[in-house]
Amino acid sequence: MKLRLGTRKSLMATTQSQQVADRLTALTGRAVELVGITTLGDVSKAQLSQLGGTGVFVSELRTHLIEGDIDFAVHSLKDLPTAADPQITIAAIPLRDDPRDALVGAVKLADLAPGARVGTGSPRRIAQLRALRADLEYVPIRGNADTRIGKVAAGELDGVVLAAAGLTRLGRDGEIAQLFDTDEMLPAPGQGALAVECLTGRPDLVELLSVLDDARTRAAVTAERAVLAALEAGCSAPVGAYAADDGHTLNLTATVVAIDGARAVRKSASGPRTAAMDLGRELAAAMIAQGAGTLMGSH
Ligand SMILES: NCc1[nH]cc(CCC(=O)O)c1CC(=O)O
């Protein structure tokens, strides 16, 4: 029997789902069929913020899992709520793609003229960009990557900032003018990683899908998301976190930035991969002690 992989119909979603399907077939011999699902979030993009952000896509695919229409689903990990759903198991977190943010446009950020218009809807990106270039105009934009990049081609904007991983999945990485090093811009927790999930009540399927798991990526994103959860922040909060696992140790850096870009709390910590959750929680507690909570309230 073919496994049914439920996916949103956007190009990014179908591309990443197909990659996961192909890898699963290569590793296990099991055939996988993509099942396109139109979510409420896709239908009414205008109301997306009222619907609670990108979490709406995740919860609709989860409803299809629970109803048995599909066997498993693939999400961008950074769009998953930090609160676990006991009915759902993240059976695999595959090897992460490039976690960095990217500037799409003709020139690097440092070479943009004063007052140039840069598009991004993310408070995390705006705040960190303001810290790098306070003299540019940051324009809130919505829509899929295609629409956003189109505003640069149309001359409406001088640049847009997006996740490098998403651009690569869309085959648009050739238009990247600059990749931001994590020293200058910390990505969203889990950025560039995928989550493969199915029902907890299907242990055989959990086991089958687990061949896709990458232990280092799982540890890194566990630490990053523990920061987010401990700060009680959502996916649209001005929180950046990045952890790298060098094979022995997990090195985690996180930041909370005020939307004006003028104030930030930034801290790093290291620990064993096996204690990823504690590493993230403890770093968040240290950040709160330095005023991170006040900064988040001030945007
Ligand atoms: N919030 C939307 C979203 N969710 C995942 C990605 C990109 C791919 C990824 O980070 O895995 C994007 C677009 C973006 O932030 O540019």
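This is a predicted model, so every value here is computed, not measured.

What follows deals with the domain arrangement of the protein. Taken domain by domain, the protein consists of domain 1 (3-94 + 193-213), domain 2 (101-179) and domain 3 (227-297). For domain 2 versus domain 3, the separation of C-alpha centres amounts to 24 Å. Tallying the contact residues gives 7 residues for domain 2 and 11 residues for domain 3. Approximately 630 Å² of surface area, both sides summed, lies buried where domain 2 meets domain 3, with 69% of it carried by carbon and sulfur atoms. On the domain 2 side of the contact with domain 3, Pro123, Arg124 and Ala127 bury the most area, a combined 59% of that side's loss. Where domain 2 meets domain 3, there are 0 salt bridges. At the surface where domain 2 touches domain 3, the tally comes to 1 residue pair in polar contact (both at pLDDT 80 or more). By residue class, the composition of the side of domain 2 that touches domain 3 is 4 nonpolar, 1 polar and 2 charged.

In space, the 3 strands of this open sheet follow the order 11-12-13, with antiparallel pairing throughout. For this open sheet the edge positions go to strand 11 (239-245) and strand 13 (264-272), each flanked by a neighbour on one side alone. The mean angle between the axes of side-by-side strands here comes to 10°, regardless of whether they run parallel or antiparallel. In the packing of helix 8 (residues 215-230) onto the sheet, contacts are made with strand 11 and strand 12 (249-257), and the angle to strand 11 comes to roughly 155°.

Neighbouring the ligand are Met12, Ser76, Lys78, Asp79, Arg125, Leu162, Ala163, Gly166, Arg169, Gln191 and Gly192. In the environment of the ligand, an oxygen atom lies 2.5 Å from a nitrogen or oxygen atom belonging to the side chain of Lys78. Contacts to the ligand include Asp79, whose side-chain N or O atom sits 3.0 Å from a nitrogen atom. Taken by itself the ligand offers 400 Å² of open surface, and the protein chains cover 82% of this. There are two domains that each give the shell around the ligand at least three residues, and those are domain 1 (3-94 + 193-213) and domain 2 (101-179).

Taken in spatial order, the 5 strands of this open sheet run 7-6-8-5-9, and their pairing is mixed. This sheet does not close on itself; its edge strands, each paired only once, are strand 7 (137-139) and strand 9 (176-179). Taken over all neighbouring pairs, the strand axes of this sheet differ in orientation by 30° on average, direction set aside. Pairing between strand 6 (residues 117-119) and strand 8 (residues 159-163): 2 bridges, direction parallel. When the sheet's bridge partners are listed, Gly119 is paired in strand 8 with Val160. Sheet strands touched by helix 4 (residues 123-132): strand 5 (101-105), strand 6, strand 7 and strand 8. Its angle to strand 8, the strand with the most contacts, is close to 125°. Together, strand 5 and strand 8 form the strand contacts of helix 5 (residues 145-153), whose direction differs from that of strand 8 by roughly 155°.

Let's shift gears to helix 8. Under the 1.5 Å per step criterion, the end-to-end length of helix 8 is 22 Å for 16 residues, consistent within 8% with the ideal 22 Å. Those residues of helix 8 that sit buried are Thr217, Ala219, Ala220, Val221, Ala223, Glu224, Arg225, Ala226, Val227 and Leu228. In this structure, the buried side of helix 8 is in contact with strand 11, strand 12 and helix 9 (276-289). With its phi angle positive at about 55°, Glu232 sits one or two positions after the end of helix 8.

Our next topic: the environment of Val152. Residue position: Val152 is located in helix 5. Val152 gets classed as buried once you look at its relative accessible area, which sits at 18%. For Val152 and Val221, which are 69 residues apart along the polypeptide, the C-alpha to C-alpha distance reads 32 Å. If near-sequence neighbours (up to four positions away) are discounted, Val152 is found in contact with Val104, Gly105, Leu157, Asp158, Gly159 and Val160.

When you line up the elements, Ser76 lands in strand 3 (residues 72-76). Setting aside chain neighbours within four positions, we find Ser76 in contact with Gln16, Arg169, Ala193 and Leu194.

The next point concerns the pattern of salt bridges. Applying the stated criterion across every chain yields a total of 17 salt bridges. When the shortest N-O distance is used, the salt bridge between Arg100 and Asp98 registers 2.9 Å. Exposure remark for Arg100: the relative accessible area of 27% places this residue in the partly exposed category. With a relative accessible area of 25%, Asp98 lands in the partly exposed category. Among the ionic contacts, a cluster of salt bridges with common partners joins Arg4, Asp71 and Arg202.

About the cut-offs
- Residues numbered from 1 in each chain as written.
- Predicted model: local features only at pLDDT ≥ 70, side-chain atom pairs only at ≥ 80, totals over all residues.
- Heavy atoms only, no water.
- Domains from an automatic or database assignment.
- Contact = heavy atoms within 4.5 Å.
- Buried area = accessible area lost by both parts, 1.4 Å probe.
- Salt bridge = Lys/Arg side-chain N within 4 Å of Asp/Glu carboxyl O.
- Polar contact = N/O pair within 3.5 Å; in protein donor to acceptor, adjacent residues only side chain to side chain.
- Nonpolar A, V, L, I, M, F, W, Y, C, P; charged D, E, K, R; others polar.
- Pairing = 2+ DSSP bridges.
- Helix = DSSP H or I, 4+ residues; strand = E, 2+ residues; numbered from the N terminus.
- Axes fitted to C-alpha atoms, helices over the stretch in contact; angles between N-to-C directions.
- Near = heavy atom within 4 Å.
- Areas by Shrake-Rupley, 256 points an atom, 1.4 Å probe, with all protein chains shown as cover.
- Expected span 1.5 Å × (residues − 1).
- Buried < 20%, exposed > 50% of the residue type's maximum accessible area, 1.4 Å probe, protein only.

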